[in-house]
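Each chain is listed here by its residues.
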Amino acid sequence: SLQIREQLWKIQGGRCPYTDEPLENPKLKNKKVAVDHVVPWSVAKLSQIENFVLTSSKTNSQKSNLLLAPSLLQKWSNHVILNQAEFIEISKSSNWMSDLKQICDVSLALYSHMSELTPVWNSQNGYEPMGFQGRSQALKCLNELLSQLS
């Protein structure tokens, strides 16, 4: 909804959390901004508010159905922890689901079982193989995020 897009835009400071580029205000109702599922909808049907970020349409298309590289996963993790109260407020005011723990649990399962050769999205060069070290970093990031929720 437009209300959710506007609220995401505000808590993101009008910037894309992946690229740090400025985003146009979604009130303009243009096609230049898009809601991205951090964990892609095609991978896991997660529609919790914490799984959404506002990006440019171009960035959303480039990311496609890939999981985030560890550096972007860390950026997203910092973003959801820093704005946890705002996400809960968006959830309540728009009657939308909120469940960061479920997103973390699903993400842990996905990253745990992915091959080192599986491509992940890093925003700068597009795609990179997950790699053994990358998977370890992603799992550490998600476990740290889960520990902050308890």
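Everything numeric in this text was worked out from a predicted model, so none of it was measured.

A. Unusual backbone geometry, seen in detail. A positive phi angle is found at aspartate 20, which is not glycine, with a value near 65°. Relative to the helices and strands, aspartate 20 is located in the loop between α1 (2-11) and β1 (33-37). For aspartate 20, a relative accessible area of 44% puts it in the partly exposed group. The backbone of asparagine 95 shows a phi angle near 60°, a positive value even though the residue is not glycine. Within the secondary structure layout, asparagine 95 lies in the loop between α4 (84-94) and α5 (100-113).

B. Quick peek at helix α3 (residues 70-82). Under the 1.5 Å per step criterion, the end-to-end length of α3 is 18 Å for 13 residues, consistent within 8% with the ideal 18 Å. Those residues of α3 that sit buried are Pro70, Leu72, Leu73, Trp76, Ser77, His79 and Val80.

C. Structural context of the pairing of strand β2 (residues 52-56). Across the five residues of β2, five count as buried, placing the element largely inside the fold. In this structure, β1 lies alongside β2, joined through five bridges in antiparallel fashion. Considered in β2, the bridge of valine 33 is made with serine 56.

Rules behind the numbers
- Residues numbered from 1 in each chain as written.
- Predicted model: local features only at pLDDT ≥ 70, side-chain atom pairs only at ≥ 80, totals over all residues.
- Heavy atoms only, no water.
- Helix = DSSP H or I, 4+ residues; strand = E, 2+ residues; numbered from the N terminus.
- Buried < 20%, exposed > 50% of the residue type's maximum accessible area, 1.4 Å probe, protein only.
- Expected span 1.5 Å × (residues − 1).
- Pairing = 2+ DSSP bridges.

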